[in-house]
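Topology and contacts: notes
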Amino acid sequence: TRSLTITSVDPSMFEKAQGEKVTLPCTFELSAEDEGPLDIEWVLIPADNQKREQIIIMYSVDRIYNRYYAAETGRMQFTHLDPRSGDGSLDILNLKAADTGTYQCKVKKAPGVQSRKIQLTVLVKPARTKCSIQGSQEIGKDVTLKCVSQEGSPLLSYDWRRVSGTRNLPATSVLNKDTGELLLKNASREYSGTYNCVASNRVGTDECYVELNVTPPINTAGIIVGAIIGTLLGLSILCSIIFCFCKKHREKKYEKEVHHDIREDVPPPKSRSSTARSYIGSNRSSLGSMSPSNMEAYTKTPYSQVPSEDFERAPAQTPAFAPSKVAAPNLSRMGAVPVMIPAQSKDGSIV
């Protein structure tokens, strides 16, 4: 009994670059015995067997249903608008890495049923390739040139070449195509120049450049000695600044203490007015106890000088008062009360 048959003989595996277009073939032939409605269905079989198959697009009862997968972008569609012609191939536009997987085409027209699986691999071209230098660029040292692509599907391969000078890699160089490392052993000045790395896979290439400059070894001993001398010089300057600052601070502090120093053991001098009042007061008290017997001695007391601060001096410095017949000082000018001095008449009575 003859029934529906899928006639596609194209390869069952496809490799395409990201951004390109691919057509997954699925052609078929119907037989007279196939009288049921025609159904064509494309599904994506996930790599993880735990996940369910995802319907991508379907043709059923003379209608196309394409809102199952990537409907918003419109990247997946039937190659022919009328799959009843015997061509149910699938076009995928602007391929992405996520489109990698196994696709299955199912054709049904009762009682015939046929299916075909196609493996699609979307490869990403190498991109954002960067070159760098690892190690000291000194004569006699080992230097490593590194190359790596930030994007790109495996398997990536790296190749180095020299684009200046002799254009040949040094004889001591060792290349690792898988990691992109180029080891230059015992580097010499002749190794200097521009180097180019090319990263590639099955769908594209990308490249980068690096400049190598091999120089004589650095005089580390001189650098160390210079650093030590500089450090000692800096410390000496810092110590000098601190010493000058402390000395200046001590001088200012000493001047301030001398300027404001007040001796507590020396009492402040008394005013002339207070001295005079105390002197007059003492004489008033003596007048109260006068008698005819002591009046004569009292009248002989000198009043020729006004009491002053000299009374407060030490005995050795107090000048001696000479007797004088000068009238008693006008004490009223000094703020004191006049004192009446008694005198003795010729007949012996007190006046």
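In this text the structure is predicted, and so the values were computed from the model without any measurement.

Observations regarding the UniProt feature "transmembrane region" (unreviewed entry) in the protein
What UniProt calls "transmembrane region" (unreviewed entry) maps, in this numbering, to residues 223–246. What you have in residues 223–246 is 100% helix and 0% strand, and the ends, taken at the C-alpha atoms, are 35 Å apart.

Brief notes about the state of the cysteines
Per the counting criterion, the structure on display carries 3 disulfides. A sulfur-sulfur separation of 1.7 Å characterises the disulfide bridge that pairs C131 with C208. Judged by the torsion about the S-S bond (75°), the C131/C208 disulfide is right-handed. Highlighted residues: C131 in strand β12 (residues 127–134) and C208 in strand β18 (residues 204–212), separated in sequence by 77 residues. The burial state of C131 is the same as that of C208; both residues are buried. The disulfide partner of C147 is C197, and the S-S distance across this bridge is 2.1 Å. The disulfide joining C147 to C197 has a torsion of about -85° about its S-S bond and is therefore left-handed. Within this pair, whereas C147 is found in strand β13 (residues 143–151), its partner C197 is found in strand β17 (residues 193–201), the two being separated by 50 residues in sequence. Residue C147 is classed as buried on the basis of its relative accessible area, which comes to 2%. Each bonded cysteine in the protein gets a number by its place in the sequence, and the pairs come out as 1-2, 3-6, 4-5. Just so you know, C244 is unpaired, no disulfide at all, and the nearest cysteine sulfur is the one on C246, 9.4 Å from it.

Things to note about a nonpolar patch on the surface
A contiguous nonpolar patch, built from I224, I228, L232, L235, L238 and I242 and spanning about 580 Å² of accessible area, is present on the exposed surface. One can find L235 in helix α1 (residues 220–259). The partly exposed category is assigned to L235, whose relative accessible area is 45%.

Overview of the environment of W160
Relative to the assigned elements, W160 resides in strand β14 (residues 157–162). Residues W160 and N176 lie 16 residues apart in sequence; the distance between their C-alpha atoms is 9.4 Å. There is a polar contact of 3.0 Å between the side chain of W160 and the backbone oxygen of G180.

Quick notes on the confidence of the model for the protein
In this model, the protein carries an average pLDDT of 78, and 69% of its residues clear a pLDDT of 70 or more. In this model, residues 297–329 is a region of pLDDT below 50 whose contacts with residues beyond four sequence positions or in other chains number 36 contacts. With pLDDT under 50 throughout, residues 331–337 is counted as low confidence; its partners more than four residues away or in other chains account for 7 contacts.

What about the pattern of salt bridges?
Summed over all chains, the structure comprises 8 salt bridges. A salt bridge links E15 to R202, with the shortest nitrogen-to-oxygen separation between them at 2.7 Å. Separated by 187 residues along the polypeptide, E15 in strand β2 (residues 13–17) and R202 in the loop between β17 and β18 bring together distant segments of the chain. E15 sits in the partly exposed class, given a relative accessible area of 43%. Judged by its relative accessible area of 55%, R202 falls in the exposed class. When the shortest N-O distance is used, the salt bridge between E53 and K106 registers 4.0 Å. With E53 in the loop between β5 (38–45) and β6 (54–60) and K106 in strand β10 (residues 101–109), this residue pair connects regions lying 53 residues apart in the sequence.

Details of the nonpolar core
Residues L24, W42, I92, Y103, V107 and L120 are the most contacted members of the largest nonpolar core, which totals 25 residues. Looking at this core, the elements with two or more residues in it are β3 (22–24), β5, β6, β8 (76–78), β9 (90–92), β10 and β11 (112–123). No other element matches β5, which puts 4 residues into this core. Listed in part, the 18 residues of the second largest apolar core include C131, W160, A199 and C208.

A closer look at the sheet that holds strand β7 (residues 63–65)
Taken together, 6 strands build an open sheet; the order of strands is β2-β11-β10-β5-β6-β7 and the sheet is mixed. Among the strands making up the open sheet, the edge pair consists of β2 and β7. Across the sheet, the mean angle from the axis of one strand to that of its neighbour is 20°, orientation sign disregarded. In this sheet, β11 lies alongside β2 in parallel orientation, the contact comprising 5 bridges. Among the inter-strand pairings, A17 is bridged to a residue of β11, identified as L123.

Some thoughts on the sheet that holds β3
Strand order in the open sheet formed by 3 strands is β3-β9-β8, and the pairing between neighbours is antiparallel. In this open sheet, the two strands that pair with only one neighbour each are β3 and β8. Across the sheet, the mean angle from the axis of one strand to that of its neighbour is 25°, orientation sign disregarded. Two strands pair when backbone bridges link them, and β3 and β9 are joined in this way by 3 bridges, in the antiparallel orientation.

Parameters at a glance
Residues numbered from 1 in each chain as written. Predicted model: local features only at pLDDT ≥ 70, side-chain atom pairs only at ≥ 80, totals over all residues. Heavy atoms only, no water. UniProt positions renumbered as here; feature names shortened; annotations may be inferred. Helix = DSSP H or I, 4+ residues; strand = E, 2+ residues; numbered from the N terminus. Disulfide = S-S within 2.5 Å. Buried < 20%, exposed > 50% of the residue type's maximum accessible area, 1.4 Å probe, protein only. Patch = residues over 30% accessible without salt bridge, like charges linked within 9 Å, V, L, I, M, F, W, Y side chains within 5 Å. Areas by Shrake-Rupley, 256 points an atom, 1.4 Å probe, with all protein chains shown as cover. Salt bridge = Lys/Arg side-chain N within 4 Å of Asp/Glu carboxyl O. Polar contact = N/O pair within 3.5 Å; in protein donor to acceptor, adjacent residues only side chain to side chain. pLDDT = per-residue confidence, 0-100. Contact = heavy atoms within 4.5 Å. Core = buried A, V, L, I, M, F, W, Y, C linked by side-chain atoms within 4.5 Å. Pairing = 2+ DSSP bridges. Axes fitted to C-alpha atoms, helices over the stretch in contact; angles between N-to-C directions.

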